[in-house]
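Inside the fold
What follows is each chain in one-letter form.
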Amino acid sequence: MASQENVQATMSTKLVTATTTLQPSFEQFSSILADKFVGYLDYLNNIPGGTIVLRYIKSSYKNDPVRSLFELCLFILACNYFLSSKKKENRSDILDFSEKEIDELCRQWEPAPLVEKLGPQKSWDLRCTPEIKGHNGAMVQVTTPHIGERVKAVNLASSDFLNLNESEAVSSAAKSCISTCGVGSCGPPNFYGTQDVHVRLEEDLSEYLDTEQAILYGQDFTTAGSVIAAFLKRGDLCVVDSGISLALQKALVVSRCDLEWYDHNDMDHLDRILSELSPILDKQKPIRRRFIVTEALFSNYGDIADLPKIVELKNKYKYRLFLDETLSIGVLGDTGKGLPEYYGVPRSEIAITIGSFALSFAASGGFCVGVTPMIHHQRISSLAYVFSASLAPFSAKSASSAIKEITTKTNSQGKSVLISSLHEKTSYLYNQLKKTLTNRFFSIVSSPESPIIHLSLDKEYRKRLNLPIFYGNTEFLLNGKPARKSNGFSQRYNLESYILQKVIDEVLIRENILLTRSKNALDHENLPVANPHLLIMVNVAVSFEALDKLVKTLEDISHEMSHKIRNQEDLQILEQELLTY
Amino acid sequence: MSYKIPNAPVDTRSPEELAEREYGRLKSDDYLYVSRHPVGEPLPTPVDDEPPYIIYISTYISYLILIIIGHIRDFFGKIFKPQDYEDLVEKNGYAPWYDGFESFYVRRLKLRIDDCFARPIHGVPGRFVKCFDRFRSSNLRYTYTGTSTECLNLSSYNYLGFAQSQGVCTSTALKCVDDYGTSACSPRAHCGTTDLHRECERVVAEYLNQDDSIVISQGYGTNANLFASLVDPECLIISDELNHASIRFGIRLSGASVKVFKHNDMNDLNKLIRNSIAQGQPRTHRSWKKIIIAVEGLYSMEGNMVNLPEIVRLKEKYRCYLFVDEAHSIGALGPEGRGVCDYFSIPHSKIDVLMGTFTKSFGATGGYISGKQELIDALRINYITNIYGESVPPPILGQIISSLNVLTGKLNKGEGVERLKRIAFNSRYLRLGLKRLGFIVYGSDDSPVIPLLLFLPAKMPAVSRLLYDCNIAVVVVGYPATPLSSSRVRLCVSSALTKEDLDYVLTKFSEIGDLTYLKFSSGIAGGSKIPGEPPRWSIEEVLEHNTEDCKKPKLT
Ligand SMILES: Cc1ncc(COP(=O)(O)O)c(C=O)c1O
């Protein structure tokens, strides 16, 4: 994580640039320059016609040679700019070759293959993907190449937490829409791709989340990249949590804005950074856009952001807040309205909220909500909105009906029935696991509220196996620019994933319960990557008995595993085993 | 009457009648054609006709006037109506959401013709599209009457007419909701892979004669993160200057070096490849690790095709890799609808990365990547849209699988062939007709995208509104999507249209062309009755000969 010294180092360079102003000795310097310049100008007398030019220059600027010098410099700069912009590449950098030499060079050039062939060390991962036969829901028929077919497995690997994919209301809404609108929308929203169902969903969503407006995107994963790039340009500033998901990382890379990182969920650190930045920013004219960027429920760690504190800080230092609620909408809060509802903070404190319909809403696509001018700007300049077909109408309809399912069925305290059932199951499982997983193989890293329970190999245990604290690299945190070289293959990451896969397989074999683990494209991660986690995704339709069974097996398995894999030698055995997975 | 966009009004027409409005019945086998490029023949360079100089001059003057007036209005507006500019100035220490300069074009030019964009619709965007009736009650507000008007649809990407609410594809999609639900529930690697996903990927790969494929839930998202998985900063991507925003976004995100060649200019490409290999990487002059050429199959703003035979020759000669985005060409081109490769009779395997979307021809959404097994295997574990993004919802997979099966004849034998032949015929029919009437149209003869040049910005709203009044829905595009001086109407032809529809379109275009002075082609792009003279056929003459003439090898 961003260590304090490093952040301070970057801060101090910032301070230097900000305080570099014109020194008082400027006047002396300019008068010397002016003398010299006039001296050179006199040479013009020697050139035929030069006298006229000289007289013109002197009279036109009332003998203010500094000004002429200044204009001359500007002129030369402008010329230089226009000439060089035609030839971007530095001329001196271009080697001269004859046609024959080029032919020869082309013949000699040996290109690398388009992709590296997957070796057995990587390809085992391909065989871990479970294939669901038929309806995806709380109970599934699942096949994996390693285990074979399992009929009626309990599914704790799906992010459809509310089990709305099996809801009669949602699917009949989808079906009625397909019967009137077809499947695809056949056009971008601005070109006859906006249908009444899209508008209804935008209204439903903004009412549900209590904002002015909403905008829909065709896919959740591209939403962040498109929204951030529409507002943040070079020169704008983002103060970012260093635990954000890959989608946000890529979005920030593309936007090219200035970045400051605060340690994951560390509010003191955030406060320090903001207060250190504020004297510089106070001088800024005109003010540039400034954002604090964070996820609500972190997909990498399963913990939640401290919203009240962030809101307090952002108001104090005048930042806008960008909140990624991809995982928390339909999960947190009494009626699933996300992190603000959970903390009782009004949604209006959050400038930009993005989220997904593909998880709790059992539909597809992403969205962004906020104030009218912000949404309006996206309709014209957000790339994934303008240059892509709009969301399939039936998906919009399903999402609308999912919102209805969540909000209309409430219990006596005004809580959504579905959501409170999710909360109940989540905290039950969390507490049971907390109670039983005491043998120092697994530890829970996620917050009690998270319906995705993250189990990590225990810290001490990992130390014994000599596994690193984190994977990936810290380049982006320290220098504000992602590393040029991607992370490359990590055998230890691979092995750690493999240990978790063995647990997953055992759970499926013994108890017929499907779990999953964090699956990252390590190559593409720009931030330090947490060690692989075993993920249990709570589903409202899974019974308490099944959860009990899971807890029991996990206890047994972790016991066995911690005996089987004790030290680094055991890891080497796994290395061989993995090749034949 | 309301400011709110209304719900779809109830439609009481019979299913047969509705089906006819979504996909017109074929009246005669004369209206069919097979599109294919004669093997060995070089691709004719599409001739871009030039309008008289006066048009260019008045175009620039128009923009000048618009810009000057815009600035004057901004100047006085900021003084007298500051509330209109609230969004552009700092407020309580917060920067505005966007800059005034950045939004000038939108506020001062686009806003004037805002009614030509984003017309809300309901129902199937098939042969007809149902647009809600509205009128503008203030700058940013429309009043909706609650009714809608059916317009002939030349705007939606519905090349093969699969946008339907009845028929085998729709039934399959409905069945998928029953059998699989509305959502895939999870990214692919967790539990978002069903047997339907696998089947779809197999069907797509088979259709494209490739080893394997990956389907993604959005075409834009397919490109946006693809390149990062193929290249690193020591690689070079050579990209066509008119490539789609998603490709450019993907390239930018990949961090590789990028060089741009002139649109479809093979000499420029050749020179660029040679020089790049010879020079190597900037500064260090180390040789490039690999070079990928990125092109589109059919350019959606220009209507022309990539010169695939030549590019394949170049890429093989210099051992570069080739990425082709078939968003608009898959389904719409080639005797079997298998895209540009099919059209040019080039084996699909010659293309290293075949990308395409299901949005345009198949009435679904999403995109795919297909190629050799090695590539797809690598992408499955190293392609972030596939790993972190949502997986494709089942009904969409149903639509993709069934529409591809219709095209290959596995479902409803004969229907697929008819669709393919109709799009080929319709494209040529409309293009030839417009050419002969004297319009300037861009693009290749067989392209289902027909850009008709307007040049003057004021003609965009004029043509769009006049056509809308005749119940024809078209898309107008201008700066910044096109160069400043070449605003255009983009017509997307569909198999769903009948010959009578196209005759109606031609008649109306002819009238509107006379009214707005759009018939100013010089004849160098063909269409002349008497060689050497500008083509100015009367509408009767055009309609009389069009059916035979559009089936001749060259459209003249
Ligand atoms: C060349 C190209 N690629 C990709 C896309 C994006 O496809 P989708 O609309 O499915 O996101 C488009 C759509 O306009 C396109 O023209």
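Residues numbered from 1 in each chain as written. Chains lettered and ligands numbered in written order. Predicted model: local features only at pLDDT ≥ 70, side-chain atom pairs only at ≥ 80, totals over all residues. Heavy atoms only, no water.

For chain B, an unreviewed UniProt entry supplies the name serine C-palmitoyltransferase and the organism Pichia sorbitophila. UniProt, in its Sequence similarities (unreviewed entry) section for chain B, records the words "Belongs to the class-II pyridoxal-phosphate-dependent aminotransferase family." Under the heading Cofactor (unreviewed entry), UniProt records this for chain B: "pyridoxal 5'-phosphate". (UniProt positions renumbered as here; feature names shortened; annotations may be inferred.)

As recorded in an unreviewed UniProt entry, chain A goes by serine C-palmitoyltransferase and comes from Pichia sorbitophila. As stated in UniProt under Sequence similarities (unreviewed entry), the record for chain A gives "Belongs to the class-II pyridoxal-phosphate-dependent aminotransferase family." In its Cofactor (unreviewed entry) section, UniProt records this for chain A: "pyridoxal 5'-phosphate".

Thoughts on the overall build of chain B
Helices and strands together make up the secondary structure of chain B, namely 17 helices and 14 strands. Expected size for 556 residues packed as a compact globule is a radius of gyration near 24 Å; at 24 Å, chain B falls within 12% of this value. Dimensions of chain B, computed from the C-alpha atoms along their principal axes, are close to 65 × 60 × 55 Å. A separation threshold of at least 6 residues defines the contact pool for chain B, and within that pool the share at least 24 residues apart is 72%. Accessible surface, chain B as shown: approximately 20,000 Å² in total, 55% of it carbon and sulfur. Distance between charge centres in chain B, computed from 64 positive and 64 negative side chains, equals 3 Å. (Helix = DSSP H or I, 4+ residues; strand = E, 2+ residues; numbered from the N terminus. Rg over C-alpha atoms; globule rule 2.2 N^0.38 Å. Contact = heavy atoms within 4.5 Å. Areas by Shrake-Rupley, 256 points an atom, 1.4 Å probe, with all protein chains shown as cover. Lys, Arg positive; Asp, Glu negative; His and termini not counted. Charge placed at Lys NZ, Arg CZ, Asp CG, Glu CD.)

With respect to a negative patch on the surface
Residues and elements named next belong to chain B. Taken together, the side chains of Asp29, Asp30, Glu544 and Glu548 define an acidic patch exposed on the protein surface. Its location among the elements puts Asp29 in the loop between α1 (15-22) and α2 (53-80). Classification of Asp29 by relative accessible area gives exposed; the value is 63%. (Patch = residues over 30% accessible without salt bridge, like charges linked within 9 Å, V, L, I, M, F, W, Y side chains within 5 Å. Salt bridge = Lys/Arg side-chain N within 4 Å of Asp/Glu carboxyl O. Buried < 20%, exposed > 50% of the residue type's maximum accessible area, 1.4 Å probe, protein only.)

Overview of helix α23 (residues 568-579) of chain A
Residue and element names in this part refer to chain A. Its 12 residues place the ends of α23 17 Å apart at the C-alpha level, agreeing with the 16 Å of an ideal helix rising 1.5 Å per residue. The set of residues buried in α23 consists of Asp570, Leu571, Leu574 and Leu578. For α23, the arc enclosing every buried residue in end-on projection is 100 degrees, short of the 170-degree limit, so these residues lie on one face. Exposed side chains of α23 directed beyond 90 degrees from the buried face belong to Glu569, Gln572, Ile573 and Gln576. The inward-facing, buried residues of α23 abut α6 (120-123), α21 (491-511) and α22 (544-564). (Expected span 1.5 Å × (residues − 1). Arc of directions from axis to C-beta.)

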